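Residue-level structure breakdown
Spelled out from the first residue to the last, the chains are:
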Amino acid sequence: MKSFFLLLAALMFMPMVANAFTGTAVIDDINYYINTEDKTAEVRANYALYEPYDNSYSGDVVIPETVEYDGVTCNVTSIGERAFSGCSGLTSVTIPNSVTNIGISAFRSCSKMTSVTIPNSVTSIGGSAFSGCSGLTSVTIPNSVTSIGWSAFEDCSSLTSVTIGNSVTSIGSSAFWGCSSLTSVTIGNSVTSIGESAFYKCSGLTSVQISDLEAWCNISFSNYYASPLYYAHYLYLNGEEVKDLVIPNSVTSIGNSAFSGCSGPTSVTIPNSVTSIGDYAFCECSDLTSVTIPNSVTSIGVCAFAWCPKLEDVFCFAETVPTIDPYAFYEEGSASYDYIRSATLHVPEGSVSDYENTAPWSKFGTIVGFTLEKCATPTITYANGKVRCTCETEGVTYVYTITPASYTGQSTDGLISLGTSFTVNVKATRDGYTDSDTATTTVNISQVGDMDGDGELTVTDVTSLVNAILGK
């Protein structure tokens, strides 16, 4: 009994601890969802989430970085779903640097809002976040944003330019659907996917600005309306219009619709690094007259070069006829292949008859052979710890193997036993040429000797030797 009263007394004199609050509160005319436990606040709509909607925000709204509730300072980290949706009287909004997320339909149909600054703290823009904001004229997506949601800027009919930062990896379906006043769009280097019809009905587009052609080639477009080039027609690389399109050697595949509708280039050169060309990759390229396809390409997708009416010459360097989609050069209609019936296909001399008997290559009006020049055999020299290759054919790439390639093992005294030599094999390759004969040389350990001058062949010497052979 005594212990019971002692416990009761202890409880009576314990300091009172305030309970954490989670719920809505209106502070300075802005509705928030407050969580005092994790000290965060989310901007909420000024109406219940049921129809008919009657959101009361209007004029110029400034969202603070922090709000105070019941003595607790909370960071404003999010603009919630439908927070300003339907606020036809809203003219501007200031979003603080504390906000990391702009929710679904957050500013939907704010028709009088003419500009918005998205701070560098925001990492995601939700679906329909700004759709129907018909007064918006320009938008810059900061480098902090990694994803743009579906229909995020749909029907922003006054939007004239969009700059998408280098951190954005995905652009959702219909993201800019119906932005009919959009004339220019800048696509960042980190974009890897653009959703279906992302730029559909952007009929005012005149240019697409990029700074990395390899990054553009690697984008996955869900369909040809996903690419802004479908309407823009003109691609600008670092401010210069692309006329002679040379795909970088680092590209291994050209994605679906990558250059669909691109009217600017008159020629396309594809390097030996590319093995596949996607569906509609160069479809409707109205000014394209010449295409060079290397012998590395083994797959060409449906309509990859369809509806290219100015096409005159296709150079295909594969000696074995590549198997490609039957409609790779297709033009719909009664005269389905008219534009390639007036074009010339250039192939290796010994393969002409094979191309003549294989569709759709056989649809070309003229098929002529050419003789491939062979790369000169490289010369290999060794001096001053370096293996050096030279070739009389300019612009070649050296392909080498070293035998043995590496050593593995254990040593307690720091000494390693090696074979007496390394064998180096090198051949030269270049687009439009056949590979050279392979040059071979032997680098003897005696040629290298004590590389660090300590009187012994040690781990350090071996590391220097291997690095020298590898050109490091």
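This one's a predicted model, so the numbers in the text were calculated from it and none came from an experiment.

Definitions and limits used
- Residues numbered from 1 in each chain as written.
- Predicted model: local features only at pLDDT ≥ 70, side-chain atom pairs only at ≥ 80, totals over all residues.
- Heavy atoms only, no water.
- Helix = DSSP H or I, 4+ residues; strand = E, 2+ residues; numbered from the N terminus.
- Buried < 20%, exposed > 50% of the residue type's maximum accessible area, 1.4 Å probe, protein only.
- Contact = heavy atoms within 4.5 Å.
- Pairing = 2+ DSSP bridges.
- Axes fitted to C-alpha atoms, helices over the stretch in contact; angles between N-to-C directions.
- pLDDT = per-residue confidence, 0-100.
- Salt bridge = Lys/Arg side-chain N within 4 Å of Asp/Glu carboxyl O.

Considering the arrangement of structural elements, one finds Ser227 in the loop between strand E17 (220-221) and helix H3 (229-232). According to the relative accessible area criterion, Ser227 is buried, its value standing at 0%. Ignoring any residue separated from it by four or fewer positions in sequence, one finds Ser227 in contact with Phe199, Trp216, Phe221 and Ser257.

Strand order in the open sheet formed by 6 strands is E20-E22-E24-E26-E27-E28, and the pairing between neighbours is parallel. Sheet topology places strand E20 (244-246) and strand E28 (366-370) at the edges, where each strand pairs with a single neighbour. On average, adjacent strands in this sheet sit at an angle of 15° to one another, irrespective of strand direction. As paired elements, strand E27 (residues 344-348) and E28 share 5 bridges and run parallel to each other. Considered in E28, the bridge of Leu345 is made with Ile367.

On to unusual backbone geometry. It is generally the case that most residues other than glycine have a negative phi and that most peptide bonds are trans. In this model, Ala359 is joined to Pro360 through a cis peptide bond whose omega is 0°. Residue position: Pro360 is located in the loop between helix H5 (352-356) and E28. In this structure, Ser109 is a non-glycine residue whose phi angle is positive, near 60°. With respect to the helices and strands, Ser109 occurs in the loop between strand E8 (101-102) and strand E9 (124-125). The class of Ser109 is partly exposed, set by a relative accessible area of 35%. At His233, a position not held by glycine, the phi torsion is positive, near 70°. Mapped onto the fold, His233 is located in the loop between H3 and strand E18 (235-237).

It is worth spelling out the confidence of the model for the protein chain at this point. Of all residues in the protein chain, 82% attain a pLDDT of 70 or more, and the chain-wide mean is 85. Here residues 4-17 scores under 50 on pLDDT; set against residues more than four positions off or in separate chains, the count is 0 contacts. The low-confidence segment residues 48-52 (pLDDT under 50) makes 2 contacts with residues lying over four places distant or belonging to another chain.

A word on the sheet that holds strand E14 (residues 184-186). If you walk across this open sheet you meet the 6 strands as E10-E12-E14-E16-E18-E19, and the pairing is mixed. A single partner strand is all that each edge strand has here, and the edge strands are strand E10 (138-141) and strand E19 (240-241). Where E10 and strand E12 (residues 161-164) come together, 4 bridges link them in parallel fashion. Among the inter-strand pairings, Thr140 is bridged to a residue of E12, identified as Thr163.

Throughout the structure, instances matching the rule amount to 5 salt bridges. A salt bridge links Arg44 to Glu42, with the shortest nitrogen-to-oxygen separation between them at 2.6 Å. On the basis of relative accessibility, which here comes to 22%, the residue Glu42 falls in the partly exposed class. Among the salt bridges present, the one from Lys243 reaches Glu241, with a minimum N-O distance of 3.3 Å. According to the relative accessible area criterion, Glu241 is partly exposed, its value standing at 27%.

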